[in-house]
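Coordinate inspection notes
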Amino acid sequence: MSQQQEPEKIQSVSEIPGSPGDSTTATTSKHRFSFNRMELAGAFGDLGTMLPIVIGMILLNGLSPTTVFFTFGAFYLISGFYYGLPIPVQPLKAVGAIAIAYPAVVTESVIGATGILFGGLLLGLSLTGMVDRVAQLFSQAVVRGIQLTLGLIFLRKGFELIIHKDVFVSGGGGALTGPVINLIIGVIVFAIVLRLLNNKRYPAALAALALGVGLGFVLGGFSAQGLSLGPTAVHIITPSLGDFWTALVMLVLPQIPLTIGNACVGTSNTCSTLFSGNPMLMKTKAGKFAFTMGMINFPAGFFGAVPMCHGTGGLAAHYRFGARTGGAPIMLGLFFIVMALVLGEFGFALLAAIPQSVLGVLLVFAGLELCPLMRSLETNEEYFVALLIAGIALVVPNMAWAFVTGIIVDWAIRKFDIKI
């Protein structure tokens, strides 16, 4: 292979033009779509964020695996083809957490109503231009605070999964289970990922997932799961007025501020940081992200799909493990569609059998990609706002309070020229 044919070097955030530790090497790909091992590895880099929530909602809230994975696959395909960058697709964090915590109240029809309401609201905000106007409230300090918050939450959640008492999300397993086994697996996988982090021949994320699936077989992760092939049952959801009210109060209202701050504004800012100079950045605007989220969630809600979004953390995870183009989401989208229509319960069992500590390691490295973005801030006042947001978000149950507080404090500092 000639020097000109070698794939581009995988870089960390510290090597990105316009970011801390700026170097002269550009990170933008020469192609809109690339399909290689690094793109494939990067595609699977965000499973640590996605799988615990999705598997929990399928098991506890009674969702159809085929519906869930088909809609994720379709959204990944749309994102990959439209944006031409590794734009992530994730379950809504607040919705997922509340749904798993209250499965008796948050039923399949309530989740369907959530998707319909959430999708309709985002379409309205996007088409009226409201999202772009709201985005102006998020200064550089506020956005970096959101990114730092998510990075720290990823780190905390990742380590929680590594020392969790259950080896698998489903709780099943054989004789070798418990926090010690999880910790041992986590340490081994962490060392492997660290060693292979920039390896193009053996991508780190693929190696971690392959080891995770192998350990799932050895430790009995498949014992409690169905192994039949073919799609699972899919049906139309007809939510009642009560379902819509429950969805609005319990799920949609807590989620909207997080979505605008993270999935719209935060993802747009992170794209500009990670892919400086890429011509596809003209599409990665807050209003565009709101539109694509609304476009998929509104119809998906009628089938009881998990409500979905983009997100800063997912973008960092895809990027950290090698994704640079729209090829990564396209490959992952095809994978999920095959899982939904061909593998069915077996495909779900395959993912559910990956030990939680493996997913935790992926989360840890995604968090480590987000936290250093803070270094682009310049003044004590900007650091104050960003750290204030992160501090509040780590102790309050709803991160929206932290974002709103940060916006108000940031405005006051600039309005009254406060020095810190």
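In the block above lies the structure referred to throughout.
These notes cover the structure that comes with them.

Definitions and cut-offs
Residues numbered from 1 in each chain as written. Predicted model: local features only at pLDDT ≥ 70, side-chain atom pairs only at ≥ 80, totals over all residues. Heavy atoms only, no water. Salt bridge = Lys/Arg side-chain N within 4 Å of Asp/Glu carboxyl O. Helix = DSSP H or I, 4+ residues; strand = E, 2+ residues; numbered from the N terminus. Buried < 20%, exposed > 50% of the residue type's maximum accessible area, 1.4 Å probe, protein only. Axes fitted to C-alpha atoms, helices over the stretch in contact; angles between N-to-C directions. Parallel < 35°, antiparallel > 145°, perpendicular 65-115°, else oblique. Left-handed = near helix turned anticlockwise from the far one by under 90°. Contact = heavy atoms within 4.5 Å. Patch = residues over 30% accessible without salt bridge, like charges linked within 9 Å, V, L, I, M, F, W, Y side chains within 5 Å. Areas by Shrake-Rupley, 256 points an atom, 1.4 Å probe, with all protein chains shown as cover. Expected span 1.5 Å × (residues − 1). Bend = angle between axes of the 7 residues up to and from the residue. Nonpolar A, V, L, I, M, F, W, Y, C, P; charged D, E, K, R; others polar.

This part takes up the pattern of salt bridges. The full count for this structure, using the stated rule, is 4 salt bridges. Between R320 and E369 there is a salt bridge, with the nearest N and O atoms lying 3.3 Å from each other. Here the residue R320 occupies a position in helix 12 (residues 312-320), and E369 occupies one in helix 14 (residues 356-370), the gap between them amounting to 49 residues. Overall, the relative accessible area of 4% leaves E369 in the buried class.

Before going further, it helps to spend a moment on the packing of helix 5 (residues 108-127) against helix 10 (residues 241-274). Direction vectors running N to C along helix 5 and helix 10 enclose 45 degrees, while the axes themselves pass 8 Å from each other. Considered as vectors, helix 5 and helix 10 are oriented oblique to each other. Like other packed secondary-structure pairs, helix 5 and helix 10 cross with a definite hand, here right-handed. Across from S109, V110, A113, T114, I116, L117, F118, L121, L122 and L125 in helix 5, the residues of helix 10 making contact are D243, F244, T246, A247, L248, L251, V252, Q255, I256, T259 and I260.

As a further point, take a nonpolar patch on the surface. Taken together, V234, I236, F298, F302 and F303 make up a surface patch of nonpolar side chains, about 430 Å² in accessible area. Relative to the assigned elements, F302 resides in the loop between helix 11 (286-301) and strand 2 (308-309).

Moving on, we get to helix 10. Across its 34 residues, helix 10 extends only 43 Å between first and last C-alpha, which sits more than 12% below the 50 Å expected from 1.5 Å per residue. The sharpest bend along helix 10 comes to roughly 45 degrees, located at L248.

At a minimum axis distance of 8 Å, the contact between helix 10 and helix 12 shows a crossing angle of 30 degrees. When the interaxial angle is binned, helix 10 and helix 12 end up roughly parallel. Counting all contacts with helix 10, which are made through N262, G266, T267, T270, C271 and L274, the residues of helix 12 involved are T312, L315 and Y319. In terms of residue class, the contact of helix 10 with helix 12 is made up of 4 nonpolar, 5 polar and no charged.

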